[in-house]
Each structure stands twice: as structure tokens, then as C-alpha cells.
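Notes for the structure review
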Amino acid sequence: MNEHTPQRTVRRIRMARHATTVTAAAGLALTAFAPAAATAAPRPDVVQQRLDALVKEDGMPAALATVKGRDGRSRTYTAGVGNLATGAGVPVDGQIRAGSNTKAFTAVVVLQLVAEGKVGLDTAVDAYLPGLLRGDGIDGRTITVRQLLQHTSGLPDYMDAPALTDFTTIQYRYFEPRELLDGALAQKALFAAGTDWMYSNTNYLVAGLLIQRVTGRPYGEEVAKRVIDRIGLRRTYVPATGETALREPHPHGYLRTGPDAPLVDYTAMDSSMAWAAGAVVSTNTDLNTFYGALLAGRLLPAAQLAEMRTTVPAELLGPGVRYGLGIQSRPLTCGGLVWGHGGTAPGHRSRGGVTEDGRAVNITVTTVPDASTASRMTDAVDAALCR
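Moving on: the overall build of the protein. Counting its secondary structure elements, the protein contains 11 helices and 17 strands. Residues classed as buried in the protein amount to 58% of the 387 residues present.

This brings us to the packing of aromatic side chains. Counted under the stated rule, the structure contains six aromatic pairs. Taken together, a centroid distance of 6.5 Å and an interplanar angle of 90° make the contact between Phe 167 and Tyr 266 edge-to-face. One end of the pair, Phe 167, is in the loop between helix H4 (145–150) and helix H5 (177–185); the other, Tyr 266, is in the loop between strand E9 (263–265) and helix H8 (275–278), and 99 residues separate them in sequence. Across the pair, Tyr 266 and Phe 167 agree in class, each one buried. Geometrically, the ring pair formed by Tyr 219 and Trp 275 is tilted, given 5.3 Å between the ring centres and 55° between the ring planes. Of this pair, Tyr 219 sits in helix H7 (residues 219–228) while Trp 275 is found in helix H8, placing the two residues 56 residues apart along the sequence.

Within the fold, Thr 236 resides in the loop between H7 and strand E8 (254–256). Residue Thr 236 is classed as buried on the basis of its relative accessible area of 6%. Reaching out from Thr 236, the side chain makes a polar contact with the side chain of Asp 286 at a distance of 2.7 Å. For Thr 236, the contacting residues outside a window of four places in its chain are Phe 105, Ile 228, Val 280, Val 281, Ser 282, Thr 283 and Asp 286.

Attention now goes to the state of the cysteines. A full pass over the atoms with the stated rule returns one disulfide. Here Cys 334 is linked by a disulfide to Cys 386, with a sulfur-sulfur distance of 2.1 Å. In this structure, the disulfide formed by Cys 334 and Cys 386 twists by about -70° around the S-S bond and is classed as left-handed. Of the two residues, Cys 334 is situated in the loop between strand E13 (328–331) and strand E14 (337–340) and Cys 386 in helix H11 (residues 371–386); the sequence distance between them amounts to 52 residues.

Now for the nonpolar core. By size, the foremost hydrophobic cluster in this structure holds 78 residues, and its most contacted members are Phe 105, Leu 133, Leu 149, Phe 290, Leu 294 and Met 308. Going through the elements one at a time, helix H3 (102–115), H4, H5, helix H6 (202–215), H7, H8, helix H9 (284–295) and helix H10 (302–308) are the ones with two or more residues in this core. It is H3 that contributes the most residues to this core, nine residues altogether. Among residues more than four places away in sequence, those in contact with Phe 105 are Val 223, Val 227, Ile 228, Leu 233, Thr 236, Val 280, Leu 287 and Phe 290.

Averaged over every residue, the pLDDT of the protein is 91; residues scoring 70 or more account for 89%. At the level of individual helices and strands, the protein shows its lowest average pLDDT in strand E1 (residues 28–29), which scores 32, and its highest in H3, which scores 99. Between residues 2–39, whose pLDDT stays under 50, and residues either more than four places distant or in other chains, the model counts 154 contacts.

Moving on to the pattern of salt bridges. On inspection of all chains with the given rule, the structure shows 20 salt bridges. Of the charged contacts, one joins Glu 222 and Arg 226 as a salt bridge, the two residues approaching to 2.6 Å between their closest N and O atoms. Taken together, the residues Glu 222 and Arg 226, both in helix H7 and four residues apart, mark about one turn of the helix. Residue Glu 222 shares its accessibility class with Arg 226, and that shared class is buried. Here Arg 359 ties to Asp 357 by a salt bridge, and the two come within 3.0 Å at their closest N and O atoms. Among the residues examined, Arg 359 registers a relative accessible area of 9% and is labelled buried.

This paragraph deals with H3. Between its first and last C-alpha, H3 extends 20 Å over 14 residues, near the 20 Å set by a 1.5 Å rise per residue. Taken from the residues just after H3, Gly 117 is the one with a positive phi, measuring 80°.

Running from N to C, H3 and H7 point in directions that differ by 80°, and their axes come no closer than 10 Å. Classed by the angle they form, the pair H3 and H7 counts as roughly perpendicular. Contacts from Thr 102, Phe 105, Thr 106, Val 108, Val 109, Gln 112 and Leu 113 of H3 reach H7 at Tyr 219, Glu 222, Val 223, Arg 226, Val 227 and Ile 228. Looking at the contact of H3 with H7, its residues break down into eight nonpolar, three polar and two charged.

The calculated volume of the second largest pocket comes to roughly 320 Å³. Around the second largest pocket sit 19 residues that line it, and Val 238, Pro 239, Ala 240, Thr 241 and Trp 275 are the ones nearest its centre. Per-element accounting of the lining of the second largest pocket gives the leading share, three residues, to H7. Residue composition of the lining of the second largest pocket, grouped by class: 10 nonpolar, six polar and three charged.

Take the side chain of Gln 95 next. Mapping Gln 95 onto the fold places it in the loop between strand E4 (74–80) and strand E5 (96–97). Using a relative accessible area of 1% as the deciding quantity, one classes Gln 95 as buried. Among the polar contacts made by the side chain of Gln 95, one reaches the main-chain carbonyl oxygen of Arg 235 at a distance of 3.0 Å. Not counting residues within four places of it along the chain, the set of residues in contact with Gln 95 comprises Arg 235, Tyr 237, Leu 246, Arg 247, Glu 248, Pro 249, His 250, Pro 251, Val 281, Ser 282 and Thr 283.

Calculation rules
Residues numbered from 1 in each chain as written. Predicted model: local features only at pLDDT ≥ 70, side-chain atom pairs only at ≥ 80, totals over all residues. Heavy atoms only, no water. Helix = DSSP H or I, 4+ residues; strand = E, 2+ residues; numbered from the N terminus. Buried < 20%, exposed > 50% of the residue type's maximum accessible area, 1.4 Å probe, protein only. Phe/Tyr/Trp six-rings, centres within 6.5 Å; stacked < 30°, edge-to-face > 60°. Polar contact = N/O pair within 3.5 Å; in protein donor to acceptor, adjacent residues only side chain to side chain. Contact = heavy atoms within 4.5 Å. Disulfide = S-S within 2.5 Å. Core = buried A, V, L, I, M, F, W, Y, C linked by side-chain atoms within 4.5 Å. pLDDT = per-residue confidence, 0-100. Salt bridge = Lys/Arg side-chain N within 4 Å of Asp/Glu carboxyl O. Expected span 1.5 Å × (residues − 1). Axes fitted to C-alpha atoms, helices over the stretch in contact; angles between N-to-C directions. Parallel < 35°, antiparallel > 145°, perpendicular 65-115°, else oblique. Nonpolar A, V, L, I, M, F, W, Y, C, P; charged D, E, K, R; others polar. 1 Å grid on protein atoms, 1.4 Å probe; cavity = no way out; pocket = protein on both sides within 12 Å on 5 of 7 lines; lining within 4 Å. Points joined across faces, edges and corners; volume = space filled by probe spheres on them.

Following this line, the structure appears as C-alpha cells:
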């Protein structure tokens, strides 16, 4: 999933932010007196440079990216090693665990239900899931659907529960959504609903339960029908119950359990711990396609897309960041905003998004970086979009 501050990032890989750039063209140097043209050296590609630095300087096992430039063309990039045990290369546009990018998928389904008149954005959660949210300062009669999607509900994060403190012991463990929710409800509310903002995976756990209650169908089936199949994301899916391996070529993902501890291969895992907050598997290219289709109005009517893009300050995620309903905006150094989400799973971290004029980028590394490396990932996204 995602994270708020450097400290919360570590706690919430726990599912707990996409990739992009433009390849520079080689030029021909001509002089007035030369009898023939000489070929100049190609200009260095800023995206490849940034990925190489994430591997060589920041110690990421691998980095991969897809960038859709101003010319409308998509380009893919890789750096590092896809499998530390064998030394195999990084598959081009390999599958990744998309982490909290899942929240944007979940929010789209909820907002489609709003458009269909089946859910009220400002209706209390209790109207759909009566009696579900009760705890210390927690009452589903005072929390709205909008507050779930915007992280203003005050619900504590289930990822902070004791059962999820050691990822090495739960790599293949299956969790029922209700079990995860109980871990959140055992904690005190973060604040009274609607009075503050704080990122919490529990909000999207509840949103997934709401989707199932309203539609009468499993969460994964609704995401596939309403989002994945609708826009043709051929390499994106919600893992089935008990499914632990990635289906297509992919770089291995690694969990760092301590500063000096060896990396643990966390490629295969039971993603039920993330569910509607972070279980989606995708590729950098598919994520670019998803966010591009979303902003272009192909997944939501104009009214619901406008609600999704109505934001509140979320500076804990970075300077100038604002959070809407399942997506966030971040200012670019070249002006304008990049819209997306980003995501973290135990072996992957993704950052990226799309711009109003259709540029897109998603960058993924294959272990969860520290705060300084995470900042350089964000800088790489900006460099790719602003080239």
C-alpha cells in the first residue's frame, strides 16, 4: 500500500507510490565546410540515468519504468538484476505488485456505484454495512463513504496491528478481510471523522467490503469487470484466493528486514493481507494506461471524476501533495500536476502518474527504499515528465 511519513513508510510497506520518460534523439552535426555529416554522440537519456542511479547508488536490486512522452510514444527501461540468485536480467515491462495503486481501482468501482445510484458518497457507511464499524471513537454511523475514500474517516490502520508486524512470518498466510478489520477496530480512532486527514489502509478494506455488499459479487470480480476488462488491461489482475505466484515474467521482489540484514525473496506471497487496499498485480505500462483512461473520462462519468479529483491537503505524502478519492496530485517542477497514486508491497515500490496532456510515467524498484531513495524516485518521475 502507501505511506505517509518516512516512519510510516517502514510500518506500511505494509501495503502499506508509476513510471515515465522520453528518449532523446541523436542529432547530426553539420558544418558549413565539412564535406560530409558527422554523427554526434546520443544525448544521455534522463530516465535510464535515473534508473541506473537507483541501482548503482541506492542499492535497489532492479528498477524498471515505462514512459509515455509528449510525442505519444511509450518507451520501456530496465536496470539492475531481475533475480539475485541467478543473475537473470530484468524482464522488459515485467509484472509487479502494484500495492496501493489498488486504491485507485477500488475507488473507481465505488464511484461507478455512486453514478448508478446504488451508493451515496455522503451517506454513512452504516447504511451499507450496519454495525460493522464500532470501536474506541469509531462509529460507522458518523463515517461517510467519501471519508473512506479520502482518508478523512479517522479509522486506524490495520497494518499497525500486532499480527502484521513481521512480514517474514506471514508471507504465505491467508487473512480474511474481517480478521484484518478486527486488528484496526482494536485500536483507538485517529481523530473524529471529517476533522483531519491520515492515510489508512483500513479505509479501503471497508470500501472493498462495501463493494461486495452492494453488488453481491466478490471484490476481485467487480474490479475485473468494471475496470480491468473495460479498458483492456491484459496483464493486470486481482490475485485469486490462495494464489501466491505472479503469472507472467517479472523481476523478483525483495524484503529488507534490517539495515544489515540480507534481502529476503518476497516475490511469491499471499496478498490477502492487502486485498482491496493493495493486492492488484500489474505492469508499469498497464498502470500508465489505467491512469490515462481514468483522467480521460473512460471509467467514470464527468460528475464522479470531478468528485474524485476534489482534493484535500496531504502534505505528509510530500510537499504540495493533495489527496482526492483514491488518487492524489503532486506538483511538477515544470508546472502543472501529475495525477496517480503509487504503491508499496513487501517487494516492490512504484511511483508515477499522468498529466493533463497525456504524458505518463511509472517507475518501480524491487525492494522498499529508505526515505532518501524514495525521494529520488519521486524526483525521477518529475524528471521524466518534465523533460
